Amino acid sequence: METAVRTRPAGRGRGVLEGAFALLEALRQHGGEAGVTELAVACGVPKSTAHRLLEQLVALEAVERRGPRYRLGAQLYRLGQGWQPHPGLRAAGRLPLHRLRAATGGSAVLAVLREEQALTVCSVPGRVEPLAPVRDGEAFSLDTALGRALRGPVRGGAVLDREDVVAGVCCAALPVRSPAGTVVGAVAAMVEAGQRLEVVTGRVAEAASAVSRALVRSGADPVP
């Protein structure tokens, strides 16, 4: 669930940075594009202040302007690609997720535990996309199958969701472990209700194992 953007009125020093990041977060919450009035209201700053900060962000290519509306810019994407939740994890997940999508037809997701949520770091949309959209950067509750797998199930086997969260969508999730055996992420497949979850679980297990093997090959070690 999204929360309201909160910031102090942007002034100098730290206040300017807070205001700029609040505007970027507001843009994200508005689907990546919004007008200056919407953003000023969302951030609780004067419209003139929001406009000034947005123009500064445009100059830095962090924001792009299209007529009267603003959207997130290419520079943010480039910076975001440098963030690593765990060394080599995103790269290790790309091919296994595409194979999982091809094998199940469902949406394939790789997530990490971040701020008490399951944060998606790599995803491949499947046939359930209209019911349960997946995007990199999207967060899921720890009460979902993906979140429970991240916390490390006490018993072996996959964590299953049989339309518990979204009607018409089932899910199977398994943790991904580092070479040292630490849970560093979780892989899940979200499929249409009616598919045999035992078959889906097998495919998820293959994907999770493939990600773990790729981490071993890369020499990645868990970050304390």
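About the thresholds
Residues numbered from 1 in each chain as written. Predicted model: local features only at pLDDT ≥ 70, side-chain atom pairs only at ≥ 80, totals over all residues. Heavy atoms only, no water. Pairing = 2+ DSSP bridges. Helix = DSSP H or I, 4+ residues; strand = E, 2+ residues; numbered from the N terminus. Contact = heavy atoms within 4.5 Å. Axes fitted to C-alpha atoms, helices over the stretch in contact; angles between N-to-C directions. Buried < 20%, exposed > 50% of the residue type's maximum accessible area, 1.4 Å probe, protein only. Parallel < 35°, antiparallel > 145°, perpendicular 65-115°, else oblique. Left-handed = near helix turned anticlockwise from the far one by under 90°. Nonpolar A, V, L, I, M, F, W, Y, C, P; charged D, E, K, R; others polar. Disulfide = S-S within 2.5 Å. Salt bridge = Lys/Arg side-chain N within 4 Å of Asp/Glu carboxyl O.

## Observations concerning the sheet that holds strand 5 (residues 117-124)
Strand order in the open sheet formed by 6 strands is 6-5-4-9-8-7, and the pairing between neighbours is antiparallel. Edge strands, defined here as strands with exactly one partner in the open sheet, are strand 6 (139-140) and strand 7 (159-162). Taken together, the 2 bridges between strand 5 and strand 6 define a ladder with antiparallel strand orientation. Following the sheet pairing, Ala118 is matched in strand 6 by Phe140. Set on the sheet, helix 5 (residues 89-104) makes contact with strand 4 (107-114), strand 5, strand 8 (169-177) and strand 9 (183-192); between it and strand 5 the angle comes to about 70°. In the packing of helix 7 (residues 197-218) onto the sheet, contacts are made with strand 7, strand 8 and strand 9, and the angle to strand 8 comes to roughly 25°.

## A closer look at the pairing of strand 5
Most of strand 5 is tucked away: 7 of the 8 residues are buried. The antiparallel pairing of strand 4 with strand 5 creates a hairpin that spans 2 residues between the two strands, and Glu115 there sits at a positive phi of about 55°.

## Focus: the packing of helix 2 (residues 36-43) against helix 3 (residues 47-59)
Interhelical geometry of helix 2 versus helix 3 gives an angle of 110° and a closest axis separation of 9 Å. On the basis of their axis angle, the class for helix 2 and helix 3 is roughly perpendicular. Judged by the sense of rotation from one axis to the other, the crossing of helix 2 with helix 3 is right-handed. Where helix 2 abuts helix 3, its residues Val36, Thr37, Leu39 and Ala40 lie against Lys47, Ala50, His51 and Leu54. Taken together, the residues of the contact of helix 2 with helix 3 break down into 5 nonpolar, 2 polar and 1 charged.

## Details of the state of the cysteines
The full count for this structure, using the stated rule, is 0 disulfides. Free cysteine: Cys170, not disulfide-bonded; nearest cysteine sulfur from Cys171 at 8.8 Å.

## Topic: the pattern of salt bridges
With the rule as written, the count across this model stands at 9 salt bridges. Glu33 is the salt-bridge partner of Arg69, the closest N and O atoms lying 3.3 Å from each other. Taken together, the residues span a long stretch of sequence, with Arg69 in strand 3 (residues 69-72) and Glu33 in strand 1 (residues 33-35) at a distance of 36 residues. The class of Arg69 is partly exposed, set by a relative accessible area of 30%.

## Here's the deal with the side chain of Thr120
Residue placement: Thr120 occurs in strand 5. By relative accessible area, Thr120 is classed as buried at 2%.

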